[in-house]
Amino acid sequence: MSKLVEMTGIEKYFPGVHALKSVQFDIAPGEVHALMGENGAGKSTLMKILSGIYQRDGGDLIIAGQSVNPTTPGEAQDLGIGIIHQELSLMNDLTAAQNIFIGREPRKSFGRLDEVALNAKTAEIFASMNLNLDPKVLVGSLTIAKQQMVEIAKALSFRSRVLIMDEPTAALNDAEIAELFAIIRRLKSEGVGIVYISHKMDELKQIADRVTVMRDGEYVGTVGAAETPISQIIAMMVGREVNEKPLEVPDLGGAEVSLKVQGLSRGKEIKDVSFAVQRGEILGFAGLMGAGRTEVARAIFGADRRDAGVIEVHGAKVDIQSPSDAVKAGIGYLSEDRKHFGLATGMNVRDNIALSSLDLFASRQGVLNEDKMADTAKFFIHQLGIRTPSDSQEVRLLSGGNQQKVVIAKWLLRDCDILIFDEPTRGIDIGAKSEIYKLLEELASEGKTIIVISSELPEIMRLSHRIAVMCEGRLTGILPGGKETTQEDIMQLATQRDAAMRVAETV
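Predicted model only: the values in this text are computed from it and were never measured. (Residues numbered from 1 in each chain as written. Predicted model: local features only at pLDDT ≥ 70, side-chain atom pairs only at ≥ 80, totals over all residues. Heavy atoms only, no water.)

Now for the domain arrangement of the protein chain. Domain parsing of the protein chain yields domain 1 (5-238), domain 2 (252-330 + 416-498) and domain 3 (347-415). On a C-alpha basis, the centres of domain 2 and domain 3 stand 26 Å from each other. Counting from both sides, the interface comprises 17 residues of domain 2 and, opposite them, 9 residues of domain 3. With both sides pooled, the region where domain 2 packs onto domain 3 buries about 1000 Å², and carbon together with sulfur makes up 71% of that total. Its largest share of buried area at the contact with domain 3, domain 2 owes to Val 327, Cys 416 and Leu 439, together 37% of the area lost on that side. Taken together, the connections running from domain 2 to domain 3 amount to 0 salt bridges. Between domain 2 and domain 3 we count 3 residue pairs in polar contact (both at pLDDT 80 or more) in total. (Domains from an automatic or database assignment. Contact = heavy atoms within 4.5 Å. Buried area = accessible area lost by both parts, 1.4 Å probe. Salt bridge = Lys/Arg side-chain N within 4 Å of Asp/Glu carboxyl O. Polar contact = N/O pair within 3.5 Å; in protein donor to acceptor, adjacent residues only side chain to side chain.)

Quick look at the pairing of strand β12 (residues 270-278) now. One face of the sheet, then the other: side chains in a regular strand alternate in exactly this way. Taken together, the 6 bridges between strand β11 (residues 257-266) and β12 define a ladder with antiparallel strand orientation. Directly across from Val 261, in β12, lies its bridge partner Phe 275. Taken together, β11 and the strand that follows it, β12, pair antiparallel across an intervening segment of 3 residues, in which Gly 267 is found at a positive phi of about 50°. (Pairing = 2+ DSSP bridges. Helix = DSSP H or I, 4+ residues; strand = E, 2+ residues; numbered from the N terminus.)

In globular proteins that are soluble, nonpolar side chains generally tend to be buried together. Counting residues in each nonpolar core, the largest one holds 66 residues, and the members touching the most others are Phe 275, Ile 331 and Phe 421. Ile 331 has contacts with Ile 300, Phe 301, Val 313, Ile 320, Ala 326, Trp 411, Cys 416, Ile 418 and Ile 420, leaving out every residue within four places of it along the chain. Listed in part, the 49 residues of the second largest apolar core include Leu 90, Met 149, Ala 208 and Ile 430. (Core = buried A, V, L, I, M, F, W, Y, C linked by side-chain atoms within 4.5 Å. Buried < 20%, exposed > 50% of the residue type's maximum accessible area, 1.4 Å probe, protein only.)

Taken as a whole, this structure holds 17 salt bridges when the rule is applied. Across the pair Arg 210 and Glu 31 runs a salt bridge, and its minimum N-O distance is 2.4 Å. Of this pair, Arg 210 sits in strand β9 (residues 210-215) while Glu 31 sits in the loop between β2 (17-27) and β3 (32-36), and the two are 179 residues apart along the sequence. Between Arg 462 and Glu 441 there is a salt bridge, with the nearest N and O atoms lying 2.6 Å from each other. Separated by 21 residues along the polypeptide, Arg 462 in helix α16 (residues 457-463) and Glu 441 in helix α15 (residues 430-445) bring together distant segments of the chain. Arg 462 gets classed as buried once you look at its relative accessible area, which sits at 12%. Linked by salt bridges that have partners in common, Lys 3, Asp 26, Glu 31 and Arg 210 make up one network.

To continue, consider helix α9 (residues 293-301). Of all 9 residues in α9, 7 are buried, a share of seventy percent or more. For α9, the complete set of buried residues consists of Arg 293, Thr 294, Val 296, Ala 297, Ala 299, Ile 300 and Phe 301. Of the residues one or two after α9, Gly 302 is the one with positive phi, at around 85°.

Time to look at the sheet that holds strand β14 (residues 308-313). Spatial ordering of the open sheet is given by β12-β11-β14-β15, a layout of 4 strands whose pairing is antiparallel. Each having just a single partner strand, β12 and β15 (316-318) make up the two edges of the open sheet. With strand direction ignored, the average angle separating the axes of adjacent strands in the sheet is 20°. (Axes fitted to C-alpha atoms, helices over the stretch in contact; angles between N-to-C directions.)

On the surface, a nonpolar cluster with roughly 270 Å² of combined accessible area is contributed by Met 347, Leu 355, Leu 358 and Leu 368. By secondary structure assignment, the location of Leu 368 is in the loop between α12 (349-354) and α13 (370-384). Since its relative accessible area comes to 34%, Leu 368 is described here as partly exposed. (Patch = residues over 30% accessible without salt bridge, like charges linked within 9 Å, V, L, I, M, F, W, Y side chains within 5 Å. Areas by Shrake-Rupley, 256 points an atom, 1.4 Å probe, with all protein chains shown as cover.)

What follows concerns α13. Along its 15 residues, α13 runs 21 Å from first to last C-alpha, staying within 8% of the 21 Å computed at 1.5 Å per residue. Looking at α13, one finds that the buried residues are Met 373, Ala 374, Thr 376, Ala 377, Phe 380, Ile 381 and Leu 384. Buried residues of α13, seen end-on, are gathered within an arc of 165° and therefore sit on one face of the element. Within α13, the exposed residues directed more than 90 degrees away from the buried face are Asp 371, Asp 375 and His 382. (Expected span 1.5 Å × (residues − 1). Arc of directions from axis to C-beta.)

Moving on, we come to the sheet that holds strand β17 (residues 418-422). Here we have 6 strands laid out as an open sheet, ordered β16-β17-β18-β13-β19-β20, and mixed in their pairing. Each of the sheet's edge strands pairs with one partner strand only, and the pair in question is β16 (331-334) and β20 (474-480). For this sheet, the mean angle separating the axes of adjacent strands, direction not counted, is 20°. Relative to β20, strand β19 (residues 466-471) runs antiparallel, the two being bridged by 6 bridges. Each bridged residue has a counterpart across the sheet, and for Arg 466 the counterpart in β20 is Pro 480. Contacts from α9 reach β13 (282-286), β16, β17, β18 (449-453) and β19 within the one sheet, and its direction differs from that of β16 by about 145°. The strands touched by helix α14 (residues 400-414) within the sheet are β16 and β17, with β16 carrying the most contacts at an inclination of about 175°.

In this section: the side chain of Thr 476. Inspection of the secondary structure assignment puts Thr 476 in strand β20. On the basis of relative accessibility, which here comes to 2%, the residue Thr 476 falls in the buried class. At 2.8 Å, the side chain of Thr 476 forms a polar contact with the backbone oxygen of Leu 493.

If you want it as structure tokens, here you go:
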């Protein structure tokens, strides 16, 4: 069978980094070819070469039998290559339809924009995706999951022969993932080749035909998805076996209650939520998309104003009206959307780590001690294993997992007693996940109070000493961590819409 794409001997250099070393990859019509590897392995770099964002420094790229060298995304699109980026590239102040067809809008006579045709074409794409979304809705008003679906619709609008999906399910719930997989299977039947990049190992068996693994910028191998054990693929990715130890729930006994929340409410999003977390405890928050988990975190942190509720830190009532109030109270928050709320992507690693703690580096005259900032950044780069050429590297050039580690470093430097991690491993590979799990456990063992919000039930069960479950803005129950709780137990509470079934929290 002729290949849609053949890449051989691909080389790519960045200042101080040999990013790709003689890498090979190919894809056939009607195939889902998964591209796997840890963060920094070179997956996104390889796909950016295919999609015209980067130019290769060596090797051959053949598309539909022709040797080509796309120098812009537009040229790649003309060659039939579409890409859905891990980090969304939508414009919040435009509608979904305007985002999808920007620069390609249907026109009437004299160049006037044909809004009716624009919205109709968008509605047609949404219908093919089984997506119930108004083409005229402003993208900025949508959840991250819905924005991701708009990004997918935009890629589909180009009628690409090869479609690159970089972490397409990172922000989707199970129902939305099922719809996406149905779209992928329809595209396969039409002969479209899908390059599928994901860190969710369970998805490989559901959707992939072949798996290519990269490590440290090099090609490791290609295997069949159906016949290859997940453990073998993980070993290829990390160069070792990753064995997650079973959760050990500590006996906290009469440990101090570090954070107590009573009657927290905000509009229809949060309805009378109460809970408490002890010193040294990891409390997980589970629930379906829209359950209100992130809204609770943002209200505690002061990012959103609450309508009612009392927050106590170490037994004392605190009045948190803004994030700065929360930081002063010793609360740090790692947002689920690190690109917009966790990082200044145009700044370097050193400055991002120091952002929340500039007072630690300033003299009485307000002059920053750059050497001290650099030494601090290098300490966290080493401690967290942040893969970067130097502390002066711009954060936007790091992989998603390493960007996440920079955000974690920022809050560790602030030395907050209470840390809220919202989707801490979203877009992070299996090896880096293991490192972050270990880090969170170490922080808890040192007496930090940890709240973890995750859409991945295995992750919540792996990390949490107790699991708080939410449904439609209400806390429906708190379950013990460890082997006593199953995914079915969590899902029962996550779909429990009867407020009378809510379980009162006791510590």
